[in-house]
Amino acid sequence: MDIHSLPMHRIHDLLESRQIGAVETVLAFLERISSIDPEVNAYLATFGEKATEEAKLFDSGARQFSASPIAGTPIAIKDVICMRGTSTTCGSRILQGFVSPYDATVTEKLRRAGSIFLGKTNLDEFAMGSSTENSAYLKTRNPWDIGRVPGGSSGGSAAAVAAGLCAGALGTDTGGSIRQPSSFCGVVGLKPTYGRVSRFGLVAFASSLDQIGPITRDVEDAALLLQAIAGYDPADSTSVDLPVPDYRAGLKQPIEGLRLGIPRQYFIEGTHPEVEKAVREAIATCKNLGATIVDISLPHTEYGIAAYYIIAPAEASSNLARYDGVKYGHRAQNSADLMDMYRKSRSEGFGSEVKRRIMLGTYVLSAGYYEAYYKKASQVRTLIGRDFLEAFEKCDAIVAPVSPIPAFRLGEKSEDPLQMYLSDVFTLPASLAGIPGISVPCGFTSENLPIGLQILGPHFREDLVLRIANQFEQATDFHLKNPEVKGGGKCK
Amino acid sequence: MEFEPVIGLEIHAQLKTESKIFCGCSTKFGGSPNTHTCPICLGMPGVLPVLNRKVVEYTIRMALATHCTIAPVCRFARKNYFYPDLPKGYQISQYELPLATGGWMEIEGTNGASRRIRIHRIHMEEDAGKLIHDDYKPFSYVDLNRTGVPLIEIVSEPDIGSPEEAASYLRAIREVLRYLDICDGNMEEGSMRCDANISLRPAGTGGLGTKVELKNMNSFKNVQKGLEFEIRRQKVMIERAEPIVQETRLWDAGRNVTVSMRGKEEANDYRYFPDPDLAPVEVDQAWIGQVRSELPELPEAKRERFVTDYELPVYDAQVLTSSKALALYFEAGLKEFARPKLLSNWIMSELMRALNKSEREIEACPVSPRDLAELLRLLDSGIISGKIAKAVFDEMFSSGKSAQSIVDEKGLVQVSDQSEIESAVDQVMSENPKEVSEFKAGKDKLIGFFVGQVMRKTKGKANPQIVNDILKKKLNG
Ligand SMILES: [Zn+2]
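Residues numbered from 1 in each chain as written. Chains lettered and ligands numbered in written order. Predicted model: local features only at pLDDT ≥ 70, side-chain atom pairs only at ≥ 80, totals over all residues.

Describing the packing of helix H9 (residues 369–380) of chain B against helix H11 (residues 403–410) of chain B
All names here are of chain B.
Phase 1 of the analysis: At a minimum axis separation of 8 Å, H9 and H11 run at an interaxial angle of 50°. One element, H9, and the other, H11, form an angle in the oblique class. Of the residues in H11, those touching H9 at Asp371, Glu374, Leu375 and Leu378 are Ala403, Gln404 and Val407. (Axes fitted to C-alpha atoms, helices over the stretch in contact; angles between N-to-C directions. Helix = DSSP H or I, 4+ residues; strand = E, 2+ residues; numbered from the N terminus. Parallel < 35°, antiparallel > 145°, perpendicular 65-115°, else oblique. Contact = placed C-beta atoms within 7 Å.)

Structure below.
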């Protein structure tokens, strides 16, 4: 039995019934990390010793597997989420050496749920990117094809789950950063409703869009991991005080009679034919499961990219102002004066994509441009939100591709930011609207690259999105396929 | 040509909440550097602000007291700029949608008549930290204890016509802040700060000249002096036909001049935008009603009540309500000694003279209202004379002792005993036969001499009225 290829709920069952030990489990993952991760580059840091210590507490009975349905399972955290006493780099040189003095709310919740943290995963610097090539430290590779990107910005978490380097992981999604890498890596990734999960301790990229969510091997795990982190947090004024349903309990309900909307704007020229084919077949599967398929329109879809690339950089330009070399992180040496220190520290500390977005954001917020750009983009955002509200009068959920293309080659798009931005066309609108969305495996290209199906639901209907995803997953076997990563020879 | 100044003030007032505006840290002044801080006010990666509702409540108080309109929904915005005392690289303030707009404040104008200064807006924001520069090494240190202490900014319309009016407006604002118990109003310690916009225009015309922003005036005196200097400077510029530059100038209190800080072309573009970390603040009528019902009595209302209830002259009422503490002192004294006018006289003359002389505020007065009332009771019931009462008061002020104990210790009780005074009169008459005969021959003025002699014999304790009566009777008899 390969522990590393099992979903969290299965590992938890085995742990609880004492068929395997917690230390044994952690060691299995650590061993796999040391053999496979030099190929994949999913992790920026691992906490082998600490994780083993934690696991011992479970084996000795000091901690109970009954703490939660995921207690004792080892997971990975995207390195943009704070964990007390460990480094949080955000994939940036400017935060090199920064050790967080506090726990993010999600980290604290997972500690209570009994999670064992294996390490922090790689990402595009400050979560800005769609390929995980923008990290200052590593380029993460796609476990299905080492020559290709895992997607981004949560590429480290998605690749780690796909390659069996952790049982599950947390990612963050600002414009598709959970869903797109999950689709590229053939795993399940859920972006919750904006406000469902506390952002306290998530290093901000674009505050009005960022959400933390699970990246897992199957839908049931996504439900369990979401359950552990969801809920109102008084420390985050944008988190919403609504009851959290029992997500796992809802999974088994059939989707018969549900109306699934197919947005015509999501089936456009330029979409990879094999992607379109797989998504069409997935829609047919849903129909076979009893769902009604309805044609819908989201007329402002095409403005999503423009609105997103004004709002997100605007917020980022302000959010990243605190990295100034004064308090923590990188400070340039031999500066002539204060202005020189700011300029040098930030020039040396930030990578080019981050600089590009800071400049973009600074520009659109400038006096004289604010109305034409930021204000306008905010209005477009309202219209995109309205598109979804109107669509959800005609359907219960929306089904579409996650990305128009499967995983691309390393370096293929890194010289052309616009091409990179365009690959987010189907994930950005849901982020702008703040609605929940999931990516669930729905096929493979002829080159054996995973394809993801995106399911979007109304605000706070993660239960519905998970239920549809689960019913689809149970009717198919794409999630059971694993990539073959050749490591140091120890694993298959 | 005659010019008239056009002045507007921006007043920053630190609110006296227990904790900071967006985190739970203490707002106490003067802790060792960076001890009143947490990840949130330090601007650590990943932290989020949570609004302290008390700050909104305090701001509503000020808005109500200055007749402002309170917005049902207001928003926080980010003011972006780099400075080491600003850990997030932006200050959370309000921009497009402030909490309050369109109010006014009644002040005493230059000519003594009442003037109404319109208030443009009042908004909430967070304070920045402090830089401490090393005198010997090329280093600066950052103290972030003050970071996140709540501030309100009160922006007036350019309705102020002179430096005196500016000072008077500033005092009026400070008094309201103190009455509302939301700010210490201590300019020297920085809990209240004031910037000014000032321009000149030909007297009687409606236009506006180029305005200059004046900063760094950290006392009432400096506000007035800074504005006076700036008026003279701008006048000379206009008379020499030199253009006035729109700029920020700093008041240099050491040299008594204003100096240019930065021109408009170097002005910061703060790139304001709504803070996505904070939800819009909703203030409903119920909340406003609640705050209104808990508002303390404000200076204007108190003044009127002092005139009607205590039958005080308007002038007395004005002086006594000029500070909340003074009004409280007066009313506390009144509980023990129910003669408002006599009490008012003593507070306005002896007490305020002694406070001024010792450069003390009423809050630090060594004579409590109860002590003063006791003194006035002794005076009013004739136990001590007016002259002795003043001496006793001075002693009370310097030693902190009670009136009764001073009177007892020094045996200052006024002698009203008829026979005791008569015997003193007899003695004086027999010792001064020459003066007695002169008086009897018609030299009336000598009465003063006799009174003085009798008072000397009784060590000032004889009741002067009785002395007079007995003397007249005996000398004329
Ligand atoms: Zn704090």
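Considerations on helix H11 (residues 338–349) of chain A
Residue and element names in this part refer to chain A.
Phase 1 of the analysis: Taking 1.5 Å of rise per residue, 12 residues should cover 16 Å, and H11 covers 16 Å from first to last C-alpha, within 8% of that figure.
Phase 2 of the analysis: The set of residues buried in H11 consists of Tyr342, Ser345, Arg346 and Gly349. For H11, the angular spread of the buried residues around the axis is 90°, confining them to a single face. Summarising the geometry of H11, the exposed residues directed more than 90 degrees from the buried face are Met339, Asp340 and Ser347. (Expected span 1.5 Å × (residues − 1). Buried ≥ 20, exposed ≤ 12 C-beta atoms within 10 Å, placed from the backbone. Arc of directions from axis to C-beta.)

Observations regarding the interface of chain B and chain A
Phase 1 of the analysis: Facing 25 residues of chain B, the contacting portion of chain A comprises 33 residues.
Phase 2 of the analysis: For the side of chain B that touches chain A, the per-class residue count stands at 16 nonpolar, 4 polar and 5 charged. (Nonpolar A, V, L, I, M, F, W, Y, C, P; charged D, E, K, R; others polar.)

Remarks on unusual backbone geometry
Phase 1 of the analysis: Cis peptide bonds are those with omega within 30 degrees of zero, and the linkage from Gly152 of chain A to Ser153 of chain A qualifies with 10°.
Phase 2 of the analysis: Inspection of the secondary structure puts Ser153 of chain A in the loop between strand S3 (116–121) and helix H5 (155–162).
Phase 3 of the analysis: Non-glycine residue Thr132 of chain A carries a positive phi angle of around 60°.
Phase 4 of the analysis: Within the element layout of this structure, Thr132 of chain A appears in the loop between S3 and H5.
Phase 5 of the analysis: According to the C-beta neighbour criterion, Thr132 of chain A is buried, with 34 such atoms within 10 Å.
Phase 6 of the analysis: Look at Asn216 of chain B: it is not a glycine, yet its phi comes out positive at around 70°.
Phase 7 of the analysis: You can call Asn216 of chain B partly exposed: it has 18 C-beta atoms within 10 Å.

Thoughts on the domain arrangement of chain B
Residues and elements named next belong to chain B.
Phase 1 of the analysis: Once the domains are mapped, chain B shows domain 1 (3–289), domain 2 (297–410) and domain 3 (418–476).
Phase 2 of the analysis: Every contact between the two is made by 6 residues of domain 1 and, on the other side, 6 residues of domain 2.
Phase 3 of the analysis: Per-element tally for the side of domain 1 that touches domain 2: the top contributor is helix H2 (residues 163–179), with 4 residues.
Phase 4 of the analysis: Among the residues making up the side of domain 1 that touches domain 2, the classes are represented as 3 nonpolar, no polar and 3 charged. (Domains from an automatic or database assignment.)

Digging into the pairing of strand S7 (residues 114–126) of chain B
Residue and element names in this part refer to chain B.
Phase 1 of the analysis: Two elements, strand S6 (residues 100–108) and S7, share 8 bridges in a ladder whose sense is antiparallel. Opposite Thr101, over in S7, you have Arg121 as the bridge partner.
Phase 2 of the analysis: Sheet topology places S7 next to strand S10 (residues 150–156); 7 bridges connect them, and they run antiparallel. If you follow Glu125 over to S10, its bridge partner there is Leu151. (Pairing = 2+ DSSP bridges.)

Here's the deal with the sheet that holds strand S15 (residues 273–274) of chain B
All names here are of chain B.
Phase 1 of the analysis: The strand order S5-S4-S15 describes an open sheet built from 3 strands, whose pairing is antiparallel. Strand pairing shows two members of the sheet lacking a second neighbour, strand S5 (90–93) and S15, which therefore form its edges.
Phase 2 of the analysis: Examined bridge by bridge, strand S4 (residues 77–80) and S15 share 2 bridges and lie antiparallel to one another. Pairing of Arg78 across the sheet is with Phe273, part of S15.

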